[in-house]
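Single-letter residue listing:
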Amino acid sequence: MKIICPSCSYENIEGEDRCAQCFHSLMQRDIPRPRKDDNFQNVMMTAPVAELLTGKDLLVASTTDTIQRIVKIFQEKKKNCVLIYKKKKLVGIISNRDILRRVVLPHKDLSTVKAEEVMTANPEFVRAEDPIAYAVNKMAMGGFRHLPVLANDGTPLSIIMIIDVLRYIARRKKP
Amino acid sequence: METKPVEVLLKEKKIYQIVNPKLVQAPPEMTVEEAVNLMCENKAGYIVVAKNKKVVGVFTETDLINKVLENGIDWKRPLSDFMTQDVKTLNIKEPVGHAIDLMGQGGFYHIPLVNDEGQLVNVLSVRTLIRFLAEFYPTEVYNLPPKPNQAMATPEGG
C-alpha cells in the first residue's frame, strides 16, 4: 500500500508523516473545507468552474496561423485570447500581452510571424468540475488573466477570463 | 488566515490597503510608439492617461491591438486618439468590495484610483484583486491537484 502525495504525486510508503520527495504533509485526512459561516468561501470552494462557462469565448488557432490573422479575428470578434492546438492537443495560448511583448515591441511583421513563435507554451488549464477556488488560485499564482477549460480527453470547452470570475463573485457575494 | 468571514472583510478592507505602489501614467500627447515602450519597460498592459493629475483616459494593450494594429495607423499619433475615455475611477478609501463590483460589471482590467481631491494617485489591477481574493482559502488548496485522488504519471505531472 502506497500513499500518493497530494502535492507532487510521489508514491510514499504507508505510515510516512510527510512526502519523502517534497515534504508535503501526508497527515491530512480530507481536503480542506470552507468555514461554515463564510458564504464566500463556501461558494468558491464548492461551485465548479462549469458555472462560469458561457461556451462563447472559445477561439482556437493552429501553430502555423499568422499573428496577422489572429489579430484580425481578435478585432472582429472583440476577443483577446486564443488557444493554440496541434493535432488535437493544446500546445499554447496567445493573449494580447504575448502579442504586445513578442511581436509589437520588437517590430516584427505580423504577416510572417507564426502563432508558435509567439504563444506561451504548455499553459496551465482547469477542468469544468474543478472548484472555482482552484481557478482563482492558478490565476493569482501565475498572474494569468485567461485559463483554458479542458475536457478529460484534452478537447477545449472554454476559456475563462479573470473578469468572469469577478463578475461571478460580485453576483454571489451579496448575502 | 483572516478570522472574519470574507463578506465582512470585503466591506472593511479599503482599496489603499491592498494596492501596489506602482502606477504607469502618461500625458495624452504621448505617441503610441512611446506608449508601447513605456508599457513594456514597466511590464504593464495599461497606461493611465492623465493631465494635471486628472484622469482623462486609459490606454491598454487591448486598445493597441483592436484599434492600432493592422489599421495602417501612424504610430506618431497621440494616445488620446485611441485611449478609452470616460473611465470609471474609485476613491482609494473605498472598500475593496466596490472595486470587485465595478470591475465585474464593466469588464475593466484596471481602475484608476483618486484621492479626495480627485487627483490620480494609483491604479488597481485585476491581478492585484485576484491575488487578494486568493488569500481567503485554506492554504492547502494551493497544493491540491485538480482531483485529490488523481495521480500524475510523473512528479511534474507531464
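Look a little higher up for the structure.
Per chain, residue numbering runs from 1 following the sequence as it is written. To label them, take the chains in the order written and letter them from A, then take the ligands in the order written and number them from 1. Two thresholds apply to this predicted model, a pLDDT of at least 70 for residue-level local features and 80 or more for giving and counting side-chain atom pairs, whereas whole-chain, interface and lining totals are computed over all residues.

(A) Expanded view of the overall build of chain B. A run of H or I in DSSP becomes a helix once it reaches four residues, and a run of E becomes a strand once it reaches two; helices and strands are each numbered from the N terminus. A tally of helices and strands in chain B yields five helices and six strands. Per-residue burial over chain B gives 35% buried out of 158 residues. We call two residues in contact when their backbone-placed C-beta atoms lie within 7 Å. Of the contacts formed within chain B by residues at least 6 apart in sequence, a portion of 58% connects residues at least 24 apart. Counting other C-beta atoms within 10 Å of a residue's C-beta gives its exposure: the residue is buried at 20 or more, exposed at 12 or fewer, and partly exposed in between, where C-beta atoms are placed from the backbone.

(B) Region of interest: helix 2 (residues 67-77) of chain A. Three or more residues of helix 2 of chain A are buried, namely Ile67, Ile70, Val71 and Phe74 of chain A. What you see down the axis of helix 2 of chain A is that its buried residues fit within an arc of 100 degrees, all on one side. For helix 2 of chain A, the exposed residues lying more than 90 degrees away from the buried face are Glu76 and Lys77 of chain A. Packed against the buried residues of helix 2 of chain A are strand 3 (60-62), strand 4 (81-86), strand 5 (89-95), helix 3 (96-104) and helix 4 (115-118) of chain A together with helix 3 (61-68) of chain B. Summarising the geometry, the arc corresponds to the directions from the helix axis toward the C-beta atoms.

(C) Quick peek at helix 3 of chain B. The buried fraction of helix 3 of chain B is high, at seven of eight residues. Regarding helix 3 of chain B, the residues found buried are Glu61, Thr62, Asp63, Leu64, Ile65, Asn66 and Val68 of chain B. As for helix 3 of chain B, its buried residues are in contact with helix 2 and helix 3 of chain A together with helix 2 (32-41) and strand 3 (54-60) of chain B. A positive phi of about 60 degrees marks Glu70 of chain B, the residue just after helix 3 of chain B.

(D) Highlighting the sheet that holds strand 4 (residues 90-91) of chain B. All names here are of chain B. Should DSSP find at least two bridges between two strands, the strands are taken to pair. Strands sit in the order 4-5-6 across an open sheet of three strands; the sheet is mixed. Strands with a single pairing partner mark the edges of an open sheet, and in this sheet they are strand 4 and strand 6 (120-125). In this sheet, strand 6 lies alongside strand 5 (residues 110-114) in antiparallel orientation, the contact comprising five bridges. Looking at strand 6, one finds that Leu113 is bridged to Asn122.

(E) Structural context of the sheet that holds strand 3 of chain B. All names here are of chain B. Reading across from one edge, 1-2-3 is the order of the three strands in this open sheet, with mixed pairing throughout. Each having just a single partner strand, strand 1 (25-26) and strand 3 make up the two edges of the open sheet. Inter-axis angles, ranging from 0 to 180 degrees, are taken between N-to-C directions of lines fitted to C-alpha atoms, where helices are fitted over the stretch in contact. The strands that helix 2 touches are strand 1, strand 2 (46-51) and strand 3; relative to strand 2, the one it contacts most, it runs at about 120 degrees.

(F) Region of the structure containing the packing of helix 3 of chain A against helix 3 of chain B. The interhelical angle for the contact between helix 3 of chain A and helix 3 of chain B, taken along N-to-C directions, is 70 degrees, at an axis separation of 9 Å. Judged by the angle between their axes, helix 3 of chain A and helix 3 of chain B are roughly perpendicular. Of helix 3 of chain B, the residues touching helix 3 of chain A (which contributes Asn96, Arg97, Ile99, Leu100 and Val104 of chain A) are Glu61, Thr62, Leu64 and Ile65 of chain B. Looking at the contact of helix 3 of chain A with helix 3 of chain B residue by residue, the classes come out as five nonpolar, two polar and two charged. Relative orientations are named as follows: roughly parallel for angles under 35 degrees, roughly antiparallel for angles over 145 degrees, roughly perpendicular for angles from 65 to 115 degrees, and oblique for any other angle. Polar here means any residue outside two lists: the nonpolar Ala, Val, Leu, Ile, Met, Phe, Trp, Tyr, Cys and Pro, and the charged Asp, Glu, Lys and Arg; Gly therefore counts as polar.

(G) Main features of the pairing of strand 5 of chain A. Residues and elements named next belong to chain A. In the sheet, strand 4 pairs with strand 5 via six bridges, with the strands oriented antiparallel. Its bridge partner being in strand 5, Val82 is matched across the sheet by Ile94. A loop of two residues connects strand 4 with strand 5, the two strands running antiparallel in sequence, and Lys87 in this loop sits at a positive phi of about 50 degrees. The sheet contact formed by strand 5 and strand 6 (residues 120-121) spans two bridges and is antiparallel. Among the inter-strand pairings, Gly92 is bridged to a residue of strand 6, identified as Ala121.

None of this, on its own, says anything about what the molecule does.
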